[in-house]
Amino acid sequence: MTEESSFFIDEYTFNLQKLPDVVFEPVKLGSYYVDLDTGDVNPLQEHKILRKPFPLPLLMSSESDECDLPDSEELKAEEKESKAEKEDETKAEKPFLHDPLLLWLYKKKQNVDGIDIITGRGSLRSISMTPFESYNNKWRCSASKLGDIVYIMKVSLPLLEDEYETVSDACYQGVSFEHQMVQSPLPFFFDEMIAIKAKLGKLKCLFDAEVDAFYEGMPVELKTHADVRNPETNVKFRTSKLFQTYMQCYLAGISKCVMGFRRLDGTIRKVKEYTTVDMERICAKDWDKNAPMNFLVDFFDWLLPQVVDEKKEYIITYLGDGEITLDTKDIGHWLPPPIHEFLSAR
């Protein structure tokens with residue numbers, strides 16, 4: 001692997017009173033569901049629906065009558081097994097495979113003329129929050145050139161054992177909360193996705209986002225958080241959790257989040273609804289959405305001119321140290337030929 005360049009953020013500061021507005025205009029292109037076992041995508045007939053009234057209290061463990069998930073230890077074992085399989089694939093020098101969004105675009109023969117970037121909302125959110133998130137702030141993405149398009153996908157970073165336990169527990173609690181709050185027409189191991197086309201400054205992006213549920217025809221984000229018990233945890237909630245949640249909603253054009261607050265015993269007895277307008281009002285003195293959006297534009301101004309070779313994979317890494325690094329390696333054409341031809345011909 002060859003190191004190409006770096007993007008330093010240590011001195012990247014914002015005056016919240018002088019930030020220019022970033023043009024961001026998301027438009028939904030369609031929806032589909034992903035079979036998590038096979039990776040296949042299919043048209044969506046019915047949405048997952050938010051239960052109302054909320055089925056409180058909720059127990060965030062497999063002991064709940066409403067929760068038929070495997071227990072957290074089983075999920076951790078499955079995750080470790082999946083991680084080992086991915087490591088074996090890496091050792092065998094297999095290039096990363098296409099993601100469901102690319103498969104959906106190919107199956108639908110979606111017009112991608114004029115698109116500059118294809119990616120996922122998770123990548124956009126992680127990159128945009130780089131200068132602002134202090135807790136566990138690290139990420140890795142892979143970029144590839146497909147004709148005139150730069151394709152960016154998120155790549156897992158190896159976790160330390162204590163980090164792995166924390167992330168696994170948080171993921172289990174979130175999945176359990178969603179499973180009990182939602183009536184789904186689909187089997188549990190399916191994800192409901194929306195494809196979005198958006199103008200970001202002068203760039204045109206196409207990305208996907210998972211939708212947790214719908215209510216009265218509108219998408220809703222579901223989140224959990226520890227009880228806000230004192231002024232210190234309230235500050236952390238506003239500056240971290242609400243900021244992240246807002247960006248996740250804003251990027252996908254979702255206007256409402258339902259937040260479950262966990263007690264120390266793991267139960268959820270309080271659920272609050274926040275609109276994006278609510279979050280902006282509550283956190284007006286803490287952050288401004290234009291800050292991460294301005295950073296996102298500057299990041300792509302740095303990255304895109306460097307992603308030029310279709311036979312290279314560009315690895316972008318941030319480890320929380322103030323420096324985003326860009327490395328390259330030769331991979332050849334990694335997509336299945338029909339999908340590669342469909343995208344690179346544009």
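Residues numbered from 1 in each chain as written. Predicted model: local features only at pLDDT ≥ 70, side-chain atom pairs only at ≥ 80, totals over all residues. Heavy atoms only, no water.

This paragraph deals with the packing of helix H2 (residues 100-108) against helix H8 (residues 337-344). Between H2 and H8, the least distance of the axes is 10 Å, while the angle of their chain directions is 75 degrees. Considering the angle they form, H2 stands roughly perpendicular to H8. Contacts between H2 and H8 pair Leu102, Leu103, Leu105 and Tyr106 from the former with Pro338, Ile339, Phe342 and Leu343 from the latter. (Axes fitted to C-alpha atoms, helices over the stretch in contact; angles between N-to-C directions. Helix = DSSP H or I, 4+ residues; strand = E, 2+ residues; numbered from the N terminus. Parallel < 35°, antiparallel > 145°, perpendicular 65-115°, else oblique. Contact = heavy atoms within 4.5 Å.)

As a further point, take the environment of glycine 322. Take glycine 322: it is sitting in the loop between strand S16 (312-318) and strand S17 (323-330). Spatially, the C-alpha atoms of glycine 322 and isoleucine 9 are 5.1 Å apart, while their sequence positions differ by 313 residues. Sequence-distant contacts of glycine 322, defined by excluding residues within four places in its chain, comprise Phe7, Phe8, Ile9 and Asp10.

Turning our eyes to something else, we now look at the pattern of salt bridges. Counted under the stated rule, the structure contains ten salt bridges. Where arginine 238 meets aspartate 286, a salt bridge forms, and the shortest distance between an N and an O atom there is 2.7 Å. Placement of the pair is arginine 238 in helix H5 (residues 231-252) and aspartate 286 in the loop between helix H6 (276-282) and helix H7 (290-303), with a sequence separation of 48 residues. Residue classification places arginine 238 among the buried residues on the basis of a relative accessible area of 18%. With a closest N to O distance of 3.7 Å, arginine 281 and aspartate 278 form a salt bridge. (Salt bridge = Lys/Arg side-chain N within 4 Å of Asp/Glu carboxyl O. Buried < 20%, exposed > 50% of the residue type's maximum accessible area, 1.4 Å probe, protein only.)

Time to look at the packing of helix H3 (residues 121-128) against H5. Taken N-terminus to C-terminus, the directions of H3 and H5 make an angle of 135 degrees; their axes are 10 Å apart at the nearest point. Taken together, the axes of H3 and H5 are oblique relative to one another. In this structure, H3 meets H5 at a crossing whose hand is right-handed. Contacts between H3 and H5 involve Arg121, Leu124, Arg125 and Ser128 on the former and, on the latter, Gln244, Met247, Gln248, Leu251 and Ala252. Of the residues belonging to the contact of H3 with H5, the class tally is four nonpolar, three polar and two charged. (Left-handed = near helix turned anticlockwise from the far one by under 90°. Nonpolar A, V, L, I, M, F, W, Y, C, P; charged D, E, K, R; others polar.)

Let us look at the pairing of strand S13 (residues 218-226). Taken across its nine residues, S13 has seven buried, putting it largely inside the fold. For strand S12 (residues 213-215) and S13, the ladder comprises three bridges, and the chain directions are antiparallel. Across the sheet, the residue bridging to tyrosine 215 is methionine 218, located in S13. Connecting S12 to the next strand, S13, in antiparallel fashion are two residues, including glutamate 216 with a positive phi near 50 degrees. Bridge analysis of S13 against strand S14 (residues 256-262) gives seven bridges, and the strand direction is parallel. Following the sheet pairing, alanine 226 is matched in S14 by arginine 262. One crossover worth recording links S13 to the parallel S14 by way of H5, and it is right-handed. (Pairing = 2+ DSSP bridges. Right-handed = clockwise from strand over helix to strand, strands pointing away.)

From the geometry alone we can't say anything about function, so treat these as descriptive.
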